[in-house]
Amino acid sequence: AQSVSQHNHHVILSEAASLELGCNYSYGGTVNLFWYVQYPGQHLQLLLKYFSGDPLVKGIKGFEAEFIKSKFSFNLRKPSVQWSDTAEYFCAVILNRDDKIIFGKGTRLHILP
Amino acid sequence: GAVVSQHPSWVICKSGTSVKIECRSLDFQATTMFWYRQFPKQSLMLMATSNEGSKATYEQGVEKDKFLINHASLTLSTLTVTSAHPEDSSFYICSAGALGYNEQFFGPGTRLTVL
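What you see as residue numbers is a count from 1 along each chain, following the sequence as written. A letter from A marks each chain and a number from 1 marks each ligand, given out in the order of writing. Only residues with pLDDT of at least 70 get local features here, since the model is predicted, and only at 80 or more are side-chain atom pairs given and counted; chain-wide, interface and lining totals rely on the full set of residues. As a rule here, side-chain values come from all non-hydrogen atoms in the structure, and water together with hydrogens is ignored.

Enquirer: Which residues make up the overall build of chain A, and what values do they have?
Expert: We count a stretch as a helix when DSSP gives it H or I for four or more residues in a row; a strand needs E for two or more, and each element gets its number in order from the N terminus. In terms of helices and strands, chain A carries zero helices and twelve strands. Starting at the N terminus and ending at the C terminus, chain A contains elements arranged as β-β-β-β-β-β-β-β-β-β-β-β. Against the 2.2 N^0.38 benchmark of 13 Å for 113 residues, chain A shows a C-alpha radius of gyration of 13 Å, consistent with a compact globule. Contacts spanning at least 24 positions in sequence make up 55% of the contacts within chain A whose residues lie at least 6 apart. The Shrake-Rupley method, run with a 1.4 Å probe sphere, supplies the accessible areas, and residue values consider only the shown protein chains as cover. In the form shown here, chain A has an accessible surface area of approximately 5,600 Å², with 53% of it arising from carbon and sulfur atoms. The size measure is the radius of gyration over C-alpha atoms, and the globule rule it meets is 2.2 Å times the number of residues to the 0.38 power. Residues are treated as being in contact if the distance between any of their heavy atoms lies within 4.5 Å.

Enquirer: Please give an account of the pairing of strand β1 (residues 4-7) of chain B that cites residues and values.
Expert: Residue and element names in this part refer to chain B. Exposure is judged per residue with a 1.4 Å probe applied to protein chains only, and the accessible area is read against the type maximum: over 50% gives exposed, under 20% gives buried, and values in between give partly exposed. Along β1, the buried face is formed by Val4 and Gln6; none of Ser5 and His7, which line the opposite face, is buried. The pairing of β1 with strand β3 (residues 19-25) spans four bridges and is classified as antiparallel. Within the sheet, the bridge partner assigned to valine 4 lies in β3 and is serine 25. The criterion for strand pairing is that DSSP finds at least two bridges linking the strands in question.

Enquirer: Before we move on, could you go through the pattern of salt bridges and cite the residues and values that matter?
Expert: Between side chains of opposite charge, a pair can form when the charged atoms approach closely. Residues and elements named next belong to chain A. Should a side-chain nitrogen of Lys or Arg be within 4 Å of a carboxyl oxygen of Asp or Glu, the pair is scored as a salt bridge. If you walk through the whole model with that rule in mind, you get eight salt bridges over all chains. Two residues, arginine 108 and glutamate 88, come together in a salt bridge whose shortest N-O distance is 2.8 Å. Taken as a pair, arginine 108 in strand β12 (residues 107-112) and glutamate 88 in strand β10 (residues 87-95) lie far apart in primary sequence, 20 residues in all. Taking relative accessible area as the criterion, arginine 108 reaches 31% and is therefore assigned partly exposed. Put simply, Lys58, Glu64, Glu66 and Arg77 are held in one network by salt bridges that share partners.

Enquirer: Got a sec to walk through the state of the cysteines? Specific residues and values, please.
Expert: Only a pair of cysteine sulfur atoms within 2.5 Å counts as a disulfide in this structure description. In this structure the tally under the stated criterion is two disulfides over all chains. Disulfide pairing is shown between A:Cys23 and A:Cys91; the S-S distance is 1.9 Å. Classification of the bridge connecting A:Cys23 and A:Cys91 rests on its S-S torsion, roughly -65°, and on that basis the disulfide is left-handed. You can see A:Cys23 sitting in the loop between β3 (19-21) and β4 (24-26) and its partner A:Cys91 sitting in strand β10, a full 68 residues away along the chain. Pair check on accessibility: A:Cys23 and A:Cys91 agree, each one buried. Between the sulfur of B:Cys23 and that of B:Cys94 lies a disulfide, 2.0 Å long from S to S. For the disulfide bridge between B:Cys23 and B:Cys94, the dihedral angle about the S-S bond is near 80°, and by the sign convention the bridge is right-handed. Separated by 71 residues along the polypeptide, B:Cys23 in strand β3 and B:Cys94 in strand β9 (residues 90-97) bring together distant segments of the chain. In this structure B:Cys23 comes out as buried when scored by relative accessible area, which is 0%. Overall, B:Cys94 belongs to the buried group, its relative accessible area being 0%.

Enquirer: Give me a nonpolar patch on the surface: which residues, what numbers.
Expert: Side chains of B:Trp10, B:Ile12 and B:Leu115 sit close together on the surface and give an oily, nonpolar patch of about 390 Å² of accessible area. Looking at where B:Leu115 falls in the secondary structure, it is placed in the segment after β11 (110-114). Every patch collects residues that have over 30% relative accessible area and no salt bridge, joining them within 9 Å if they carry like charges and within 5 Å if they are nonpolar side chains (Val, Leu, Ile, Met, Phe, Trp, Tyr).

Enquirer: Lay out the interface of chain B and chain A with the relevant residues and their values.
Expert: On the chain A side, the residues contacting the 18 residues of chain B number 18 residues. Counting the surface lost from both chain B and chain A, the interface buries some 1,400 Å², and carbon and sulfur atoms represent 56% of this. On the chain B side of the contact with chain A, B:Asn102, B:Glu103 and B:Phe106 bury the most area, a combined 35% of that side's loss. Inspection of the region where chain B meets chain A yields one salt bridge. When the shortest N-O distance is used, the salt bridge between A:Lys49 and B:Glu103 registers 2.2 Å. Counting of polar contacts relies on pairs of N or O atoms within 3.5 Å, with two restrictions inside protein: one atom must be capable of donating a hydrogen and the other of accepting it, and residues adjacent in sequence are counted only when both atoms are side-chain atoms. Scanning the region where chain B abuts chain A turns up three residue pairs in polar contact (both at pLDDT 80 or more). By residue number, the principal contributor to the side of chain B that touches chain A is strand β4 (residues 32-38) of chain B, which donates four residues. When two components associate, each loses some accessible surface as probed by a 1.4 Å sphere; the sum of these losses over both components is called the buried area.

Okay, structure coming up:
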């Protein structure tokens with residue numbers, strides 16, 4: 001079955017540290033890839049998405065992600081995190097054969113001030 | 001554009017009662033709507049997919065008689081939790097997709113607490 005794996009369940013960083021959250025998916029066909037963020041007590045917000053073209057995608061709030069097709073990966077990065085980045089981050093995939101979105105289990109990011 | 005709303009944002013009800021949650025696409029026509037459930041500190045779990053004018057497709061393990069989904073128009077889908085019990089307490093989130101969009105637009109969620 002198709003799945004999305006997020007390797008880090010809980011990450012704790014200090015402000016200004018660099019961030020990389022891993023995401024791998026298992027599907028050999030064409031996919032659309034997403035990263036969502038959920039701030040405490042709030043709803044899901046789209047950070048960035050990849051459909052095609054340049055595999056390095058820039059999103060909101062200084063986040064970026066790189067699609068590496070050979071590794072089935074779509075890791076999220078930010079060079080310098082802020083306390084306000086404390087949230088839960090979800091990687092997600094839509095398989096082009098249908099409309100369903102498959103979510104990873106999420107990574108809880110805690111930034112120490 | 002592509003805004004999805006949910007109503008109510010939170011609801012508390014007694015055990016045994018039914019609760020209806022609405023999901024509306026405000027500025028686009030949603031050919032497909034999805035209902036998710038999110039337990040505390042967990043990821044979203046897809047409950048069902050509904051296409052306008054047809055019966056919803058439920059994921060394995062989701063009771064269709066308990067979670068009634070209606071997608072009567074291209075801008076409205078409803079989820080009714082029938083005979084709610086405390087274990088149904090959760091955060092319910094809807095999303096909507098439209099022709100030509102390879103993504104889903106998420107509503108803000110509804111927090112259901114069953115006493």
